[in-house]
Amino acid sequence: MSRQALHEGWVVRAVPGPQVPPEIADRAVPATVPGCVHTDLLTAGLIPDPYLDDNENGLAWIGRTDWVYEATFACRPGDDDRVDLVCAGLDTVATVSLNGTEVGRAENQHRSYRFAVRPLLRPGANTLTVRFGSPYRYAEAHRDRLGDRPNAYPEPFNFIRKTACNFGWDWGPTVVTAGIWREIGLHTWSTARLATVRPLVTVAGATGRVELHVEVERVDDAPLTVHVTVAGAATEVAVPPGEHGAVATLTVRDPELWWPVGYGEPALHDLKVTLCTADGRVLDGWSRRIGFRSVRLDTAPDAHGSAFTLHVNDVPLFVKGVNWIPDDAFPNRVTRQRLAERFDQAVGANVNLLRVWGGGRYESADFYELADERGLLVQQDFLFACAAYPEEEPFRSEVEAEAREQVTRLAAHPSLVLWTGNNENIWGWHDWGWQEPLAGRTWGRGYYLELLPRVVGELDPTRPYWPGSPWSGREDVHPNDPVHGTTHIWDVWNTDDYLKYREYVPRFVAEFGYQAPPVYATLRRALSDEPLAHDSPGMAHHQKAIDGDRKLQRGLDAHLPVPADFDDWHYLTQLNQARAIQLGVEHFRSHRPVCMGTIVWQLNDCWPVTSWAAVDGDGRRKPLWYALRRAYVDRLLTVQPRDGGLALVAVNETGEAWHAPATVTRLTLGGEPRAKTSVDLDVPAHSSVVLALPAELARPDEARRELLVAEAGDTAERALWFFAEDREVEWPAAELDATVEPTAGGQRVRVTARTVLRDLTLFPDRLDPSAQVDRALVTLLPRESATFTVNADAALDPAALTTRPVLRCVNDIGGRAAYGDDGLAGS
């Protein structure tokens with residue numbers, strides 16, 4: 001058995017047509033495999049970068065063009081029984097030919113394909129050709145044949161099994177790709193091979209169990225043996241002549257368990273599978289790292305509706321989640337290192353779950369392996385989003401084949417804990433005016449409530465399946481009922497202020513979010529606008545949400561001072577995003593255990609854009625990331641409205657009880673105490689406690705000049721409560737002293753407040769795009785100090801680092817600030 005990668009020597013040509021620029025038509029362009037047409041043309045200097053300015057608009061022709069990839073490779077056919085051409089991913093409508101003979105066709109980006117090609121191979125040079133048809137032509141032809149279906153955007157993404165957001169989204173560009181997007185190569189083998197290996201891993205008490213399902217492909221009826229080892233256990237099972245499958249079962253006593261981040265170590269064990277002939281000759285092998293853990297989903301009815309609580313190893317988890325979209329519109333750019341950086345950002349924000357959203361793609365092996373290693377839970381959507389999908393052929397067969405392959409492919413990963421049928425499609429059928437234009441045509445119900453649960457139940461009964469996000473658990477209950485199952489909250493942002501989060505006591509919030517622009521350095525790289533303004537041409541193009549700027553302005557008007565310039569606007573919109581999500585998360589967590597999870601929309605971006613992300617398209621952390629880190633901390637203090645007053649809520653997501661003295665003080669903005677109370681926190685593991693505050697604390701003398709400060713020593717970060725919105729607070733002009741000292745790899749900025757400083761934040765990327773800071777959104781009372789550590793490729797100017805627009809707080813808006821220094825140190 002051998003494998004030969006076919007990743008070198010490719011060229012790609014555009015099939016001539018009226019839409020193709022003449023300088024590109026039929027030109028042989030060097031191609032990267034795995035890759036796609038857009039990145040090949042960009043590397044060759046034939047198109048501008050679609051992520052910059054409005055270049056995207058001039059590149060729509062690419063998705064309406066046929067493309068031909070071709071490579072010549074050397075081959076020396078041997079005596080093996082079979083040589084297969086294995087295509088791990090073709091995007092999307094492809095005809096594959098070898099030496100001028102067609103060997104197969106593909107029309108699903110989310111599947112792999114295998115074609116027997118031994119008779120077509122020649123000694124010496126062989127030519128492999130993959131012709132990709134226009135995704136638009138394919139999708140529009142099926143739309144016209146089957147009848148249109150409603151969707152969220154005027155694009156035919158629901159008529160092709162391809163990454164939906166390639167066709168544009170309210171945060172993404174329209175870059176309809178084509179290409180060999182995953183590995184391609186020759187697989188040479190004899191007698192038999194491992195076609196699929198599907199380990200079902202469970203834990204009961206102190207015993208781990210691996211039920212290993214193996215399918216083999218044969219060229220003869222020789223007897224075979226499958227050998228399996230894991231965690232010190234071993235077994236073998238025979239595959240009798242003519243049979244094509246076997247099941248091997250191993251038990252492991254007291255295995256080291258795989259735990260989610262924050263609950264223990266994510267222990268992994270090598271599972272090795274070997275296929276042999278009866279005399280011991282090795283034919284094929286397979287290996288993965290698996291984890292022993294149990295998972296179940298509690299959806300039982302109760303006094304509050306019906307639950308949605310994830311249990312891992314019999315521990316009920318509060319899900320501290322983020323939604324994941326493709327990290328780049330061009331998947332060949334998403335390396336293992338880039339994923340590792342993004343996962344580390346998630347863990348750094350105290351996230352424990354990534355939901356792979358249904359408008360994207362099934363991610364790479366690197367993605368799930370990194371999740372396994374870091375203890376990050378994964379909720380995996382099947383790939384349906386925001387549209388009615390036809391259930392007629394060829395789509396029904398393609399969907400089933402895709403689902404079977406992906407469920408089998410991902411079965412080994414302990415991080416994967418939940419399959420979800422779709423994103424918002426059942427909700428859309430109920431509430432988005434779909435039923436009349438559908439006029440009885442199929443829309444996907446058969447996938448979500450019949451086909452997909454059947455496939456998961458057959459191939460992966462160890463994991464729960466949930467038909468949709470959102471979904472209430474029953475067809476006779478509205479799919480987005482917040483007291484049943486999962487809910488999406490989008491009236492906040494679309495129509496309502498974020499204070500409305502407090503009107504919800506949901507069981508599990510699977511989507512909610514608030515927009516802000518990306519980091520300043522990201523904007524400056526992507527946009528040539530001069531001057532940069534919230535409505536300048538580039539900014540407008542990189543705002544994809546309907547009425548996005550108006551919604552941002554509505555949020556500013558409700559909460560914050562009026563910005564005097566773009567620098568103010570940029571800081572305040574980012575601050576408002578962070579405030580909105582921190583308020584929502586803390587409110588939902590304060591209702592534990594009624595609410596047992598939040599999945600913020602969204603962690604990441606795929607390009608530079610104003611969006612809901614915490615990490616922008618260049619991988620830079622927005623202020624929201626720092627707010628998430630605080631809101632998702634394991635031990636959370638938060639002040640919440642309760643029963644007409646205020647309460648201190650202590651949330652403990654650790655496995656140990658939380659005992660600590662705490663104080664709540666009502667202060668003036670000048671730091672003068674007006675009232676104070678002391679309490680003893682006694683919060684059991686994995687629970688929360690609500691402590692009503694006395695009236696003298698909850699009722700200010702002067703709402704615009706006072707705040708509450710709740711503290712529990714070094715056991716938790718302090719919590720603040722302001723009695724008035726920032727736009728109404730009588731803020732003093734910001735006064736501070738700052739020092740800058742060099743440190744290893746960066747600089748340390750120490751700020752001492754002379755007045756209250758609300759949400760003090762450093763933006764060092766304005767001085768150097770490489771610069772990062774370790775904290776943000778720090779509120780200081782007079783005479784308090786905070787230290788910020790800045791890391792950059794080169795030392796930054798201390799004076800610039802400690803003045804506007806790099807150093808900001810709410811009460812410097814419009815230039816109301818006095819920034820002094822008590823000795824700015826050189827660097």
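Since the model is a prediction, treat every value here as computed from it, not as a measurement. (Residues numbered from 1 in each chain as written. Predicted model: local features only at pLDDT ≥ 70, side-chain atom pairs only at ≥ 80, totals over all residues. Heavy atoms only, no water.)

## Brief notes about the pairing of strand S42 (residues 734-743)
To keep it simple, the criterion reads: In this scheme, strands are said to pair when DSSP sees at least two bridges between them. Think of it this way: any DSSP run of H or I at least four residues long counts as a helix, any run of E at least two long counts as a strand, and we number them from the N terminus.
In the sheet, S42 pairs with strand S43 (residues 746-753) via 8 bridges, with the strands oriented antiparallel. Looking at the pairing, Glu741 lines up with Arg748 of S43. Between the antiparallel neighbours S42 and S43 lie 2 residues, among them Gly745 with a positive phi of about 80°.

## Notes on the sheet that holds strand S20 (residues 269-277)
Put simply, the rule reads: An axis is simply a line fitted to the C-alpha atoms; with a helix, the fit covers only the stretch in contact. Between two such axes, the angle follows the N-to-C directions and lies from 0 to 180 degrees.
Across the sheet, 4 strands lie side by side as S18-S17-S20-S21; this open sheet has antiparallel pairing. Here the strands that pair on one side only, and so sit at the sheet edges, are strand S18 (233-239) and strand S21 (282-290). Strand-to-strand twist in this sheet, taken as the mean axis angle between neighbours without regard to direction, amounts to 15°. Examined bridge by bridge, strand S17 (residues 224-230) and S20 share 7 bridges and lie antiparallel to one another. Residue Val226 lies in a different strand from S20, and its bridge partner there is Leu275.

## Digging into the environment of Ser770
As a reminder of what qualifies: With a 1.4 Å probe rolled over the protein chains alone, any residue whose accessible area is under 20% of its type maximum counts as buried; one over 50% counts as exposed, and the rest are partly exposed. A contact between two residues is defined here by any heavy atoms of the two lying within 4.5 Å. For this analysis, a polar contact is any N or O atom pair within 3.5 Å, provided that within protein one partner can donate a hydrogen and the other can accept it, and provided that sequence-adjacent residues contribute only side-chain to side-chain pairs.
Position of Ser770 relative to the elements: it lies in the loop between strand S44 (757-762) and strand S45 (772-773). Residue Ser770 is classed as partly exposed on the basis of its relative accessible area of 23%. In this structure, Ser770 is in contact with Asn791, Ala792 and Asp793, ignoring residues within four places of it in sequence. At a separation of 2.9 Å, a polar atom in the side chain of Ser770 contacts the main-chain amide nitrogen of Asp793.

## Digging into the nonpolar core
What counts, and what does not: Residues belong to a common nonpolar core when they are buried Ala, Val, Leu, Ile, Met, Phe, Trp, Tyr or Cys residues joined through side-chain atoms within 4.5 Å.
Within the largest apolar cluster, 176 residues are counted, with the highest numbers of intra-cluster contacts made by Trp169, Phe382, Leu452 and Val751. Those residues in contact with Phe382 that sit more than four places away from it in its chain are Gly358, Tyr362, Ala403, Val407, Trp419, Thr420, Gly421, Asn422, Leu452, Val456 and Tyr465. One finds Ile24, Val33, Tyr69 and Tyr113 within the second-largest nonpolar core, a separate group that totals 41 residues.

## Focus on the packing of helix H13 (residues 566-590) against helix H14 (residues 623-631)
Basically, it comes down to this: The cut-offs work like this: below 35 degrees is roughly parallel, past 145 is roughly antiparallel, 65 to 115 is roughly perpendicular, and the gaps in between are oblique. Put simply, a crossing is left-handed when the front helix is turned counterclockwise from the back one by less than a right angle, and right-handed when it is turned clockwise. Any residue that is not Ala, Val, Leu, Ile, Met, Phe, Trp, Tyr, Cys, Pro, Asp, Glu, Lys or Arg is counted as polar, Gly included; the first ten are nonpolar and the last four charged.
Here H13 crosses H14 at 20°, and the two axes come no closer than 8 Å. It follows from the interaxial angle that H13 and H14 lie roughly parallel. At the point where H13 passes H14, the crossing takes the right-handed sense. Residues Gln574, Gln577, Ala578, Ile581, Gln582, Val585, Glu586 and Arg589 of H13 touch H14, and the partners they reach there are Pro623, Leu624, Ala627, Leu628, Arg630 and Ala631. Residue composition of the contact of H13 with H14, grouped by class: 8 nonpolar, 3 polar and 3 charged.

## Quick notes on the packing of helix H3 (residues 336-348) against helix H4 (residues 365-374)
H4 packs onto H3 with a crossing angle of 40° between their chain directions and a minimal axis gap of 10 Å. The pairing of H3 with H4 is recorded here as oblique in orientation. Along this stretch, H3 crosses H4, giving a crossing that reads as right-handed. Between H3, through Arg336, Leu339, Ala340, Phe343, Asp344 and Val347, and H4, the contact on the second element is made entirely by Asp366, Phe367, Glu369, Leu370, Ala371, Glu373 and Arg374. Looking at the contact of H3 with H4 residue by residue, the classes come out as 7 nonpolar, no polar and 6 charged.

## Observations regarding the sheet that holds strand S48 (residues 807-808)
With antiparallel pairing, the 3 strands of this open sheet are ordered in space as S46-S44-S48. Each having just a single partner strand, strand S46 (778-780) and S48 make up the two edges of the open sheet. Inspection of the sheet shows S44 paired to S46 by 2 bridges, in the antiparallel sense. Of the residues in S46, the one forming a bridge with Leu757 is Leu780. Against the sheet, H13 engages S44 and S48, with an angle of about 105° to S44.

## Re the packing of aromatic side chains
To be explicit about the condition: Paired rings are identified among Phe, Tyr and Trp, the last through its six-membered ring, by centres lying within 6.5 Å, and are further divided according to the angle between planes into stacked (under 30 degrees), edge-to-face (over 60) and tilted (the rest).
Going through the model one piece at a time under the given rule, you end up with 39 aromatic pairs. A centroid spacing of 5.1 Å and a plane angle of 55° characterise the contact between Phe157 and Trp169, whose relative ring orientation is tilted. Residue Phe157 is located in the loop between helix H2 (135-146) and strand S11 (167-169), and its partner Trp169 is located in strand S11; the two are separated by 12 residues in the primary sequence. Each member of the pair, Phe157 together with Trp169, is buried.

Just distances and angles here, no functional claims.
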